[in-house]
Amino acid sequence: MQALIHGIILSFGLILPLGVQNVFIFNQGATHKKFIHACPAIITAGICDTILIFLAVTGVSVVVLNFEWLTILLFIFGFIFLIYMGVVMWRSNPVANDNIENQNRFSARRQITFAASVSLLNPHAIIDTIGVIGTSSLTYTGHDKLIFAIACIVVSWIWFFFLAILGRKIGQLGNSRMLLKKMNQISAIIILGMALYLGFNLYAYL
């Protein structure tokens, strides 16, 4: 029971702060008329988090990030991709949900690509997962460690579905092109800000 509660509280604490992954999932929920159309992003983010948590708990990720060149490469790719994603989000030009057939929205393939990238090319998210969840899992062994990992994974999946549903509801409040455009621009500003922060950290690391 302790491992279960610990996993739930810890996972919520890590996933609640506003991040690129959360912004992207929320945005997909807001810009699609049908919830199922945002599922590729949700499922991809959930699978990526599951992989990261599994690697953190088993200790594999610690070994991988011991290679300095790999850490630097991860920062560089993450910085470039976040800049690209921010520009794409800023330039996107959605229309109102009642005209969804003509909406310039993310296709399933594009959602999968972006969701995987913001999950796996985000050094801070990876380091947090390793440093916090991985380290915390050392407290447990055997069955308790498995329960701890499952609790963290389940919380991630629930959170992503909740974010997309929340985004969809907010997107429906003002059924207009202007609202969706503003939401995309706000998302873009947040993503570009995180890219600059990542770039600063890369400079400091070098």
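Predicted model, so just to flag it, every value in this text is computed and none were measured.

Student: Looking at this structure, how should I read the side chain of Ser-136?
Tutor: In this structure, Ser-136 sits in helix 7 (residues 123-137). Setting aside its immediate chain neighbours within four residues, Ser-136 contacts His-6, Leu-10 and Phe-148.

Student: Explain the environment of Ala-151 to me, please; I cannot follow it from the model alone.
Tutor: Inspection of the secondary structure assignment puts Ala-151 in helix 8 (residues 142-173). When its relative accessible area of 5% is taken as the criterion, Ala-151 is described as buried.

Student: Looking at this structure, I do not really get the nonpolar core. What am I missing?
Tutor: Considering soluble globular proteins, one finds that nonpolar side chains tend to be buried as a cluster. Within the largest apolar cluster, 29 residues are counted, with the highest numbers of intra-cluster contacts made by Phe-24, Ile-25, Met-85, Phe-114, Phe-160 and Ile-191. Contributing elements (two or more residues each) for this core: helix 2 (20-30), helix 3 (39-58), helix 5 (68-91), helix 6 (108-120), helix 8 and helix 9 (177-205). Looking at this core, the element that brings in the most residues is helix 5, giving 7 residues. Excluding residues within four positions of it along the chain, Ile-25 makes contact with Ala-41, Ile-42, Ala-45, Phe-160, Leu-163 and Ala-164. Residues Ile-133, Phe-148, Cys-152 and Ile-153 belong to the second largest nonpolar core, which totals 10 residues.

Student: Is there a simple way to think about a nonpolar patch on the surface in this case?
Tutor: Nonpolar side chains collect at one region of the surface, where Met-1, Leu-4, Ile-5, Ile-8, Ile-9, Phe-12 and Leu-16 lie side by side and expose about 660 Å² of accessible area between them. Locating Ile-9 in the fold gives a position in helix 1 (residues 2-15).

Student: Whenever I open this one, the packing of aromatic side chains confuses me. Can you help?
Tutor: Considering all chains together, one arrives at 5 aromatic pairs under this definition. Centre to centre, the rings of Phe-35 and Phe-161 are 6.1 Å apart; their planes meet at 35°, and the pair counts as tilted. Placement of the pair is Phe-35 in the loop between helix 2 and helix 3 and Phe-161 in helix 8, with a sequence separation of 126 residues. Given the relative accessible area of 24%, Phe-35 is considered partly exposed. Through a chain of ring-to-ring contacts, three or more aromatic side chains come together here, namely Phe-24, Tyr-84 and Phe-114.

Rules of the game
- Residues numbered from 1 in each chain as written.
- Predicted model: local features only at pLDDT ≥ 70, side-chain atom pairs only at ≥ 80, totals over all residues.
- Heavy atoms only, no water.
- Helix = DSSP H or I, 4+ residues; strand = E, 2+ residues; numbered from the N terminus.
- Contact = heavy atoms within 4.5 Å.
- Buried < 20%, exposed > 50% of the residue type's maximum accessible area, 1.4 Å probe, protein only.
- Core = buried A, V, L, I, M, F, W, Y, C linked by side-chain atoms within 4.5 Å.
- Patch = residues over 30% accessible without salt bridge, like charges linked within 9 Å, V, L, I, M, F, W, Y side chains within 5 Å.
- Areas by Shrake-Rupley, 256 points an atom, 1.4 Å probe, with all protein chains shown as cover.
- Salt bridge = Lys/Arg side-chain N within 4 Å of Asp/Glu carboxyl O.
- Phe/Tyr/Trp six-rings, centres within 6.5 Å; stacked < 30°, edge-to-face > 60°.

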